[in-house]
Amino acid sequence: MLLTIDPTADSPLFEQVATGIRAAVVAGDLRPGERLPAARDLAAALEVNMHTVLHAYRTLREEGLIQVRRGRGTVVSTRSSADYRGLRRALADLVREGDRLGLSRTGLADLIRHAPGTAP
Amino acid sequence: MSPHPAPTHPHRARSVVLGVLLPALLVAGAALLTTTWLPRLPDPAVLHWSLHGPARTGPFTELVTVVVALAATTWLLFTTLVLAAGRTEGARRVLVGSAVLLGATYAAVLLGSAWVQLDAPDAAAVTPSATPLVVGLLVAVLLGVAAGLLAGADPHLPAADPVPADAARLDLPAEARTMWLTRCTVRGEVFWWAGIALWLAAAVAITSLSAQWWLLAVLLLPALPLLANLHWTLQIDATGLHARALLGWPRLTVRAEETLRADVVTVHPFTEFGGWGLRSRVDGTSGLVLRRGEAVQVQATGERTFVVTTDDATRAAALLNTMAARSRGGATT
């Protein structure tokens, strides 16, 4: 997994860390059951505060993307990886359509952010 | 291949004192001491033990001759290795430590065999006891570990030249902080576990047959490095490349500022490194070789080369080049 954060970017650092891990899980770089680095180690490598990483882990845990297991630390949730295969395909379609229409990635992201939710 | 300039061997003097002189002194000292004990030893003395007592008797000098001959052969081999290899910290510690461990073991065998027979009227009156030998082996292990610890860390050798322009880089925002992390497992893991299980079973069988519990510890020792080499975490960040085994040890580190360049290569573990795991070659190449296939090859200062097999090697090599370039002051990204 490749994690990049940019301290000069607008979005908060914890969100950038969470986004990077989320992308790695969806892309299959991080497999279900795989252990995430200890918050302290990740913080040291990215030169951020440990609480920033813990905040990111908390966010991902609330999403159900990762879980804390006793004795094993933080691991990627073992929900069926097929879940992400659909998302991966949809994401590729979305980006292709966006590029075809000349939308910027930020514009595309905003569309997703404001898209009406599917009624349950 | 480009011609090599004079290879650099850090802590050369220390390697010679610990890895060459110390083992020779230990064996020579033990041989001399047992020779002075000859008048106090039975003649014939017990030369070989079975599980039930003395198996073979003869003049004790015969045992001294055999052990010294074996020790000399081992010493020649390790002296060659200590002098020729040991360019990187890991190889140096293992070689120097092993040389001392083996020398001390031969000394322990001599001293232990003589000690239990001191002042016995004849071979039949000798009471077999493994205690002196066990104590001797423990001391040998401690001496080996101590020598390995004293063999010296690699000196800090920052590169003077910028990273070559043709070395692939990763396109990152100037202020970005990046880390790459992956976990690797040795190819055919199940066979390694089967091998370890077989070894365990054999060790338990031998131990219970001989009823010598301490044998188990000796027999299990070689399984540890095998076990430690199965799972690795690889990380590249601003400080360089770090490989860490599952148990936290052994480790392999290549600092960003000591990195000359990183490239993607294809590795054949057996033909190039003679096996799998953390390997070291006499030419100063260290390999973390877990499978055949793509690998990151890092050239570092001090004539060192590191080869690490991994998925995603293209991105890993490019990131390491980027981090190496940044460590030079950021002017050459």
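Basis of the calculations
Residues numbered from 1 in each chain as written. Chains lettered and ligands numbered in written order. Predicted model: local features only at pLDDT ≥ 70, side-chain atom pairs only at ≥ 80, totals over all residues. Heavy atoms only, no water. Domains from an automatic or database assignment. Contact = heavy atoms within 4.5 Å. Buried area = accessible area lost by both parts, 1.4 Å probe. Salt bridge = Lys/Arg side-chain N within 4 Å of Asp/Glu carboxyl O. Nonpolar A, V, L, I, M, F, W, Y, C, P; charged D, E, K, R; others polar. Polar contact = N/O pair within 3.5 Å; in protein donor to acceptor, adjacent residues only side chain to side chain. Buried < 20%, exposed > 50% of the residue type's maximum accessible area, 1.4 Å probe, protein only. Helix = DSSP H or I, 4+ residues; strand = E, 2+ residues; numbered from the N terminus. Pairing = 2+ DSSP bridges. Axes fitted to C-alpha atoms, helices over the stretch in contact; angles between N-to-C directions.

## Focus: the domain arrangement of chain B
Residue and element names in this part refer to chain B.
Part 1 of the reasoning: Examined at the domain level, chain B breaks down into domain 1 (12-150), domain 2 (158-186 + 229-333) and domain 3 (187-228).
Part 2 of the reasoning: Taking only C-alpha atoms, the centre of domain 1 and the centre of domain 2 are 40 Å apart.
Part 3 of the reasoning: In this assembly, 6 residues from domain 1 lie in contact with 9 residues from domain 2.
Part 4 of the reasoning: Counting each side, the surface lost to burial between domain 1 and domain 2 is near 550 Å², with a carbon and sulfur contribution of 62%.
Part 5 of the reasoning: The tally of links between domain 1 and domain 2 comes to 0 salt bridges.
Part 6 of the reasoning: Its residues assigned to classes, the side of domain 1 that touches domain 2 shows 4 nonpolar, 1 polar and 1 charged.

## Focus on the domain arrangement of chain A
Residues and elements named next belong to chain A.
Part 1 of the reasoning: Its domain assignment divides chain A into domain 1 (13-76) and domain 2 (82-114).
Part 2 of the reasoning: Using only C-alpha atoms to locate each centre, domain 1 and domain 2 end up separated by 23 Å.
Part 3 of the reasoning: Each partner contributes to the interface: domain 1 provides 5 residues, whereas domain 2 provides 4 residues.
Part 4 of the reasoning: Interface area, domain 1 with domain 2, both sides summed: about 380 Å², of which 69% is carbon and sulfur.
Part 5 of the reasoning: The largest contributions to the domain 1 side of the interface with domain 2 come from Val25, Val26 and Leu65, which together make up 80% of the buried area.
Part 6 of the reasoning: Taken together, the links from domain 1 to domain 2 amount to 0 salt bridges.
Part 7 of the reasoning: Counting every contact that joins domain 1 to domain 2 gives 1 residue pair in polar contact (both at pLDDT 80 or more).
Part 8 of the reasoning: A per-class count over the side of domain 1 that touches domain 2 returns 4 nonpolar, 1 polar and no charged.

## Some details on the pairing of strand S6 (residues 251-255) of chain B
Residue and element names in this part refer to chain B.
Part 1 of the reasoning: Every second residue of S6 is oriented toward a common face, the buried set being Leu252 and Val254 and the non-buried set Arg251, Thr253 and Arg255.
Part 2 of the reasoning: Looking at chain direction, strand S5 (residues 240-245) and S6 are connected through 5 bridges and run antiparallel. Each bridged residue has a counterpart across the sheet, and for histidine 242 the counterpart in S6 is threonine 253.
Part 3 of the reasoning: Remark: 5 residues form the turn of the hairpin made by S5 and S6, two consecutive strands paired antiparallel; glycine 248 in that turn has positive phi of roughly 90 degrees.

## Here's the deal with the sheet that holds S5 of chain B
Part 1 of the reasoning: A sheet is described by the order of its strands in space; here 5 strands give the open sequence S1(A)-S3(B)-S4(B)-S5(B)-S6(B), paired in antiparallel fashion. The two strands at the open ends of the sheet, each matched to only one other strand, are strand S1 (2-5) of chain A together with S6 of chain B. On average, each strand axis in the sheet is tilted by 10 degrees relative to the strand beside it, whichever way the strands run.

## So, the interface of chain B and chain A
Part 1 of the reasoning: The interface is formed by 18 residues belonging to chain B together with 19 residues belonging to chain A.
Part 2 of the reasoning: Carbon and sulfur atoms make up 54% of the area that chain B and chain A hide from each other, which totals about 1600 Å².
Part 3 of the reasoning: Ranking the residues of chain B by area buried against chain A places Arg177, Met179 and Arg183 of chain B at the top, with a combined share of 47%.
Part 4 of the reasoning: The tally of links from chain B across to chain A stands at 1 salt bridge.
Part 5 of the reasoning: The partner of aspartate 29 of chain A in a salt bridge is arginine 315 of chain B, with the nearest N and O atoms 3.3 Å apart.
Part 6 of the reasoning: Counting the contacts that link chain B with chain A gives 7 residue pairs in polar contact (both at pLDDT 80 or more).
Part 7 of the reasoning: Of all the elements in the fold, those that place two or more residues in the side of chain B that touches chain A are strand S3 (177-185), strand S4 (231-237) and helix H9 (313-327) of chain B.
Part 8 of the reasoning: At 6 residues, the largest contribution of residues to the side of chain B that touches chain A is made by S3 of chain B.
Part 9 of the reasoning: Here the side of chain B that touches chain A is built from residues that sort into 10 nonpolar, 2 polar and 6 charged.

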